Amino acid sequence: MRRLWGRANSVNVQKALWGLDEAGLAYERVEAGGAHGVVHDPAYRRLNPNGLVPTLEEDGFVLWESNAILRYLAGTCAPLRWPEDARGRAGIDQWLDWQATSFTPAMRDAFWQLYRAPEPERDRAAIDASLAKGEVHAAILDAHLAGRDFVVGSTFSIADIALGCAAHRWLNLPVPLIERPALRLWYARIAARPGAARVMAEPIT
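Residues numbered from 1 in each chain as written. Predicted model: local features only at pLDDT ≥ 70, side-chain atom pairs only at ≥ 80, totals over all residues. Heavy atoms only, no water.

As annotated in an unreviewed UniProt entry, the chain carries the name Glutathione S-transferase GstB and is attributed to Methylobacterium trifolii. Looking at the chain in UniProt, the text filed under Sequence similarities (unreviewed entry) is "Belongs to the GST superfamily." (UniProt positions renumbered as here; feature names shortened; annotations may be inferred.)

Right under this line is the structure:
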């Protein structure tokens, strides 16, 4: 039995949901996190001591951290199979790490302030600083994607999933952004995939 814990409007849960869809795997999703609670319950903390989502359970195997889940799916499911060459695998790893440590952290303050803070309480300085950092990283991704269909190599990979979910939030921030043609073209291409369409249909909150 396969179970994924997490709320569907969490960007990290969306990565796992999209990955499971691309892998063609059946699973049960259990609401957890945010308004659903659960993550502080002792039973859940035994699965994930961090009290975060997503958490994947599969026949007694437990795995948390969204990019670790994507890597596991790439290692076990043919549709998301790792490239055979070490450099191809390293390229995917590079962009997974960049998403988690650079792009997403850069935009975090802008996202939280614009989507979750009441307008009178928004910190304009924090928003502006976050947008400036985000634009630096959006420019890096845009330059990399120029002339490419996918993030790494000639086929869709888990790097497209991780960066696609991050780009979905960045491109939908309710503020003017610098136009990034290659980023927009790539985003439109991957957003049309069925798994992407399902997770991106969730309200951004």
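Further notes follow.
Trainee: Looking at this model, I keep getting lost on the overall build of the chain. Mind explaining?
Mentor: Of regular secondary structure, the chain possesses 8 helices and 4 strands. In the chain, the succession of α and β elements from N to C terminus is β-α-β-α-β-β-α-α-α-α-α-α. For the chain, the C-alpha radius of gyration of 17 Å lies close to 17 Å, the compact-globule estimate for 205 residues. When its C-alpha atoms are laid out on the principal axes, the chain stretches across 45 × 45 × 25 Å. Considering the chain as a whole, with its 205 residues, one finds that 50% of them fall into the buried category. A sequence separation of at least 24 residues applies to 65% of the contacts in the chain between residues at least 6 apart. Across the chain, the centroid of the 23 positively charged side chains sits 1 Å from that of the 24 negatively charged ones. (Helix = DSSP H or I, 4+ residues; strand = E, 2+ residues; numbered from the N terminus. Rg over C-alpha atoms; globule rule 2.2 N^0.38 Å. Buried < 20%, exposed > 50% of the residue type's maximum accessible area, 1.4 Å probe, protein only. Contact = heavy atoms within 4.5 Å. Lys, Arg positive; Asp, Glu negative; His and termini not counted. Charge placed at Lys NZ, Arg CZ, Asp CG, Glu CD.)

Trainee: Looking at this structure, how should I read the sheet that holds strand β3 (residues 55-58)?
Mentor: The pairing of strands in a sheet comes from backbone hydrogen bonds and takes either a parallel or an antiparallel form. Across the sheet, 4 strands lie side by side as β2-β1-β3-β4; this open sheet has mixed pairing. Where the open sheet ends on each side, the last strands, each with one partner, are β2 (28-30) and β4 (61-64). Each neighbouring strand pair of the sheet contributes to a mean axis angle of 20°, computed without reference to strand direction. In this sheet, β2 lies alongside strand β1 (residues 2-5) in parallel orientation, the contact comprising 3 bridges. Note that in β2 the partner of Trp5 across the bridge is Val30. Against the sheet, helix α3 (residues 66-76) contacts β1, β3 and β4, and its axis sits at roughly 130° relative to β4. (Pairing = 2+ DSSP bridges. Axes fitted to C-alpha atoms, helices over the stretch in contact; angles between N-to-C directions.)

Trainee: Any chance you could explain unusual backbone geometry here in plain terms?
Mentor: Most peptide bonds are trans, and most residues other than glycine sit at a negative phi. Residue Val53 is joined to Pro54 through a cis peptide bond whose omega torsion reads 5°. With phi around 75°, Val38 is a residue other than glycine that occupies positive phi space. Positive phi is not limited to glycine here, since Glu65 has a value of about 85°. Considering the arrangement of structural elements, one finds Glu65 in the loop between β4 and α3. With a relative accessible area of 45%, Glu65 lands in the partly exposed category.

Trainee: Looking at this structure, I do not really get the side chain of Asn67. What am I missing?
Mentor: Along the polypeptide, Asn67 turns up in helix α3. A polar side-chain atom of Asn67 sits 3.1 Å from the main-chain carbonyl oxygen of Leu96. Sequence-distant contacts of Asn67, defined by excluding residues within four places in its chain, comprise Lys15, Leu96, Gln99, Ala100 and Ala162. (Polar contact = N/O pair within 3.5 Å; in protein donor to acceptor, adjacent residues only side chain to side chain.)

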